[in-house]
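Residue-level structure breakdown
Spelled out from the first residue to the last, the chains are:
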Amino acid sequence: MSNPGDAPQIGFVSLGCPKATVDSEQIITQLRAEGYDIVPDYDADMIIINTCGFIDAAVEESLGSIDEAMRENGRVVVTGCLGTRANMIRDRFPELLAVTGPHARDEVMAAVHQNLPAPHDPFIDLVPPQGIRLTPRHYAYLKISEGCNHRCSFCIIPSLRGDLVSRPIDDVMEEAQILVNAGIREILVISQDTSAYGVDLRYPTRFWRGQPLKTRFVDLARALGQLGSWIRLHYVYPYPHVDDVIPLMADGTILPYLDIPFQHASPRILKAMKRPGNRERVLERIATWREICPELAIRSTFIVGFPGETEQDFSLLLEFLEQAQLDRVGCFVYSAVDGAAANALPNAVPEAVKQERFDRFMRTQQAISAARLANRVGTRLEVLVEAENETGYVARSYADAPEIDGLVHVDGGHALAVGEFCEVEITGADEYDLYGSPTR
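The model shown is predicted, which means the values in this text are computed figures rather than measured ones. (Residues numbered from 1 in each chain as written. Predicted model: local features only at pLDDT ≥ 70, side-chain atom pairs only at ≥ 80, totals over all residues. Heavy atoms only, no water.)

1. A look at the packing of helix α1 (residues 18–33) against helix α4 (residues 105–115)
In contact at an axis separation of 10 Å, α1 and α4 are set at 40° when each is read in the N-to-C sense. Relative to α4, α1 is oriented oblique. For the pair α1 and α4, the sense of crossing is right-handed. In contact with Gln26, Ile27, Gln30 and Leu31 of α1, α4 contributes Arg105, Val108, Met109 and Val112. (Axes fitted to C-alpha atoms, helices over the stretch in contact; angles between N-to-C directions. Helix = DSSP H or I, 4+ residues; strand = E, 2+ residues; numbered from the N terminus. Parallel < 35°, antiparallel > 145°, perpendicular 65-115°, else oblique. Left-handed = near helix turned anticlockwise from the far one by under 90°. Contact = heavy atoms within 4.5 Å.)

2. Quick look at the pattern of salt bridges
Going through the model one piece at a time under the given rule, you end up with 33 salt bridges. The residue Arg161 makes a salt bridge to Asp23 at a minimum N-O spacing of 3.1 Å. Of this pair, Arg161 sits in helix α5 (residues 157–161) while Asp23 sits in helix α1, placing them 138 residues apart in sequence. Summarising the burial analysis for this pair, Arg161 and Asp23 share the class buried. (Salt bridge = Lys/Arg side-chain N within 4 Å of Asp/Glu carboxyl O. Buried < 20%, exposed > 50% of the residue type's maximum accessible area, 1.4 Å probe, protein only.)

3. Considerations on the pairing of strand β14 (residues 297–304)
When you tally the buried positions in β14, you get eight out of eight residues, the bulk of the element. The alternating pattern of β14 places Ala297, Arg299, Thr301 and Ile303 on one face and Ile298, Ser300, Phe302 and Val304 on the opposite face, and all of these are buried. Inspection of the sheet shows β14 paired to strand β15 (residues 328–333) by six bridges, in the parallel sense. Among the inter-strand pairings, Val304 is bridged to a residue of β15, identified as Val333. (Pairing = 2+ DSSP bridges.)

4. Digging into unusual backbone geometry
Phi is positive for Arg202, which is not a glycine, with a value near 65°. Take Arg202: it is sitting in the loop between β9 (186–190) and β10 (205–208). Classification of Arg202 as exposed rests on a relative accessible area of 73%. Unusually for a residue other than glycine, Gln263 sits at a positive phi of about 75°. Examined against the element boundaries, Gln263 turns out to sit in the loop between β13 (257–259) and α9 (267–273). For Gln263, a relative accessible area of 9% gives the class buried.

5. Here's the deal with the side chain of Asp327
One can find Asp327 in the loop between α11 (311–324) and β15. A distance of 2.9 Å separates a polar side-chain atom of Asp327 from the backbone nitrogen of Ile298. Engagement of the side chain of Asp327 in a polar contact is seen with the side chain of Arg372, the distance being 2.9 Å. (Polar contact = N/O pair within 3.5 Å; in protein donor to acceptor, adjacent residues only side chain to side chain.)

6. Observations regarding α4
Taken as a whole, α4 has its buried residues at Val108, Met109, Ala111 and Val112. Projected down its long axis, α4 shows its buried positions confined to an angular sector of 160°, all on one face. Of the residues in α4, the exposed ones pointing more than 90 degrees away from the buried face are Asp106 and Gln114. Against β1 (9–14), α1, β3 (46–51), β4 (76–80) and β5 (98–99) lie the buried residues of α4. (Arc of directions from axis to C-beta.)

7. With respect to the packing of helix α10 (residues 279–292) against α11
Closest axis-to-axis distance for the α10/α11 pair is 11 Å, and the angle between their directions is 15°. Taken as axis vectors, α10 and α11 run roughly parallel relative to one another. As α10 packs across α11, the resulting crossing turns out to be right-handed. Each of Arg279, Val282, Leu283, Ile286 and Arg290 in α10 lies in contact with α11, whose residues at this interface are Leu316, Glu319, Phe320, Gln323 and Ala324. Of the residues contributing to the contact of α10 with α11, the split by class is six nonpolar, one polar and three charged. (Nonpolar A, V, L, I, M, F, W, Y, C, P; charged D, E, K, R; others polar.)

Spelled out as structure tokens, the structure:
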């Protein structure tokens, strides 16, 4: 606990996805601007927990964190996606100071002010221009919108975060410029549906530093590419206009990296998921994208064991993997999410079958990944150095998003700067990672 006269201390726990991380950064930035100290433990005057409520495992992790904070401290504010289930949380933890939903900086600050008055005038500059970031100093997430207009049957994000609300493009660009000015080498563009950016606003033209820009996905990608940082696109829904960003990747404006969660390949399962998708059309588009931009790295995620999934449906998914030859793939075993429409679907897949399909899926993709990475041996790649270790350095290439993709392990023959770029000659590969040496 802080001593009399010291700045009040707030312990902060941030759980969930990068969108939640951005929410946490905004709250922490405001807390620091008002003079609060942020500490990494429960020995504080108050605890704030930014929760996740998307899948059962995340709910249990969030509830466990709340329980631990209440036992260790007792003065706790809960925010985030699980906060939309305030009655359930209050029933379990009636002594909480406050419970708010996601993207609720002002409500959280009101709870803080009520229970731990601000020690400082927020207009006095106590924080850097880019705000407080929970990511390393060389990369940052840039959230361009909130919410989602889709109603996928397995997902409850719209009920947690609402429909799509896009930020004005000049506002997004100003934040991006501040990040680059602060030394950020990579900007990761995130939202619930990045390719829908601007549809809710009807694509108005705004002016950023004298430049007219339409509030639209492709225009934003092109504008961000002017800043001189790596620009990586996440959570891209496969609308037809996604084709328009591929030339920007081919000419080096933005990274040749596309994160598209296809979720499945069986038409029947996609229909049950309320997802679009024509397998043959998707394969044709992937082939066309690679013709335009041969270096394109495609990441995707899939769900196995969805209600009603038959062995034939699963076989179609494995066939899609073999044909698509995706570079980076994540897989989730289906689990019921409280409030999701898919819970009412018949023919639940037994847990043992789900796990067996997950294992087959991962073995299939592992072989694909190993073969694609083996093709990199003998080539040169620009990498962003992440950290130094006992054998040299850990880095990432354009094909590797932080925390979810692979790594490039660089030998220690030369001194490299963490957070900076260097060129590496690739000398080896395994199922997920590359190995190399600096070229200088």
